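One-letter residues, chain by chain:
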Amino acid sequence: RTMPVATTNLRALTSWVGIARLSAVVLSCLTFSLVASTGLFGGPYGTWCMFTWCFCFTVTLLVLLLELLELYPLLPLSWDDFTSAFSMLAALMVFTSSVVYPATFISSPCSGNPCARQAVATTASCLCFLAYAIEVSLTRAKPGDISSFLSTVPGLLKVFEAYVACLIFSLLDAYSGKPGLMWCVAVYSICFIFTLLIIIFTVGRCLTYIPCPLEKMLVGYNFLALLMYLTATILWPLYSFQGQSRPNPCGPDCWWNKHLGVTFLTIFNLIAYLVDLIYSTRMVFFRAP
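Owing to the predicted nature of the structure, the values given are computational and were not obtained by experimental measurement. (Residues numbered from 1 in each chain as written. Predicted model: local features only at pLDDT ≥ 70, side-chain atom pairs only at ≥ 80, totals over all residues. Heavy atoms only, no water.)

## Notes on the state of the cysteines
- Considering all chains together, one arrives at 0 disulfides under this definition.
- In this structure Cys56 is a free cysteine whose sulfur lies 6.5 Å from that of Cys128, the closest cysteine sulfur available.
- Cys184 forms no disulfide, and the closest cysteine sulfur to it belongs to Cys191, at a distance of 11 Å.
- For Cys184, a relative accessible area of 0% corresponds to the buried category. (Disulfide = S-S within 2.5 Å. Buried < 20%, exposed > 50% of the residue type's maximum accessible area, 1.4 Å probe, protein only.)

## A word on unusual backbone geometry
- Here Glu70, not a glycine, exhibits a phi torsion of approximately 55°, which is positive.
- Note that Glu70 resides in the loop between α3 (43-68) and α4 (79-105).
- Phi at Arg205 takes a positive value of approximately 60°, unusual for a residue other than glycine.
- Structurally, Arg205 can be placed in the loop between α7 (179-203) and α8 (214-241).
- On the basis of relative accessible area, Arg205 is assigned to the exposed category, the value being 53%. (Helix = DSSP H or I, 4+ residues; strand = E, 2+ residues; numbered from the N terminus.)

## Examining helix α5 (residues 113-139)
- Across its 27 residues, α5 extends 39 Å between first and last C-alpha, which sits within 8% of the 39 Å expected from 1.5 Å per residue.
- Among the residues making up α5, those that are buried are Cys115, Gln118, Ala121, Thr122, Ala124, Ser125, Cys128, Ala131, Tyr132, Glu135 and Val136.
- Turning to α5, the residues buried within the fold contact α2 (16-38), α3, α4 and α6 (153-171). (Expected span 1.5 Å × (residues − 1). Contact = heavy atoms within 4.5 Å.)

## As for the nonpolar core
- Counting 56 residues, the largest nonpolar core has Tyr132, Ile168, Tyr188, Cys191 and Tyr229 as its most contacted members.
- When residues of this core are traced back to their parent elements, those giving at least two are α2, α3, α4, α5, α6, α7, α8 and α9 (255-285).
- Among the domains, domain 1 (1-145) and domain 2 (152-288) are the pair contributing at least three residues each to this core.
- Residues within four places of Ile168 in sequence aside, it is in contact with Tyr188, Tyr229, Val262, Leu265 and Thr266. (Core = buried A, V, L, I, M, F, W, Y, C linked by side-chain atoms within 4.5 Å. Domains from an automatic or database assignment.)

Below is the structure:
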């Protein structure tokens, strides 16, 4: 029995997508190395930022190696969907870390060698986000091409919706005992679960086992999710801030700031589901010949 011969695909490194991934690997490595050298990344926010840079570095490097050695066809998943979803997720995660890290750990006035390294790390993180954003734009499906669902606008929006829901979960605080807030949490949870299942089934090539027209099912789901988020957009600020003023002082862990963050994130996801519904409807009912 002959052994399979390993081949090398240099286009994985020399194409524009490959260059963007190489840049992301170098910049994420530079970022977490500089932050680690300062030792100033304690607490939940610092841990999240460090995890983001290390996670994106590891997965992107693995993607490059699998494409360089042409081993990705052996994996039981849709490679194009996986890489599109990951690049979108990485862009969102690095963008969040690029905002959270300097806001949390860089003090004013800023001076000295540790502060300089923090500033360079923040700059490298912003450039890393730009590299992932370029990869998303390069791999995004052209109009009319639905061979890779997660590279289309509705597919990328699914990743955005799931990520924003995760941010909402991280900010939820003191909602029990209030029916309106509990309904909002149920909305966030139900929509997150269904959106995550769509992503997992797409990457795992399991959509063919769904016994109904997938495109029309997605349109129906987006419409219901839009209505549910519309109710949450109204009820969450109504029940959160009714009859309560902002505490003074109100630090980073203040319940007011968290509830305000959930309000804005709910609006972001409402807009995302609206755009998702519009694009999905156009893809299903208004296809160009």
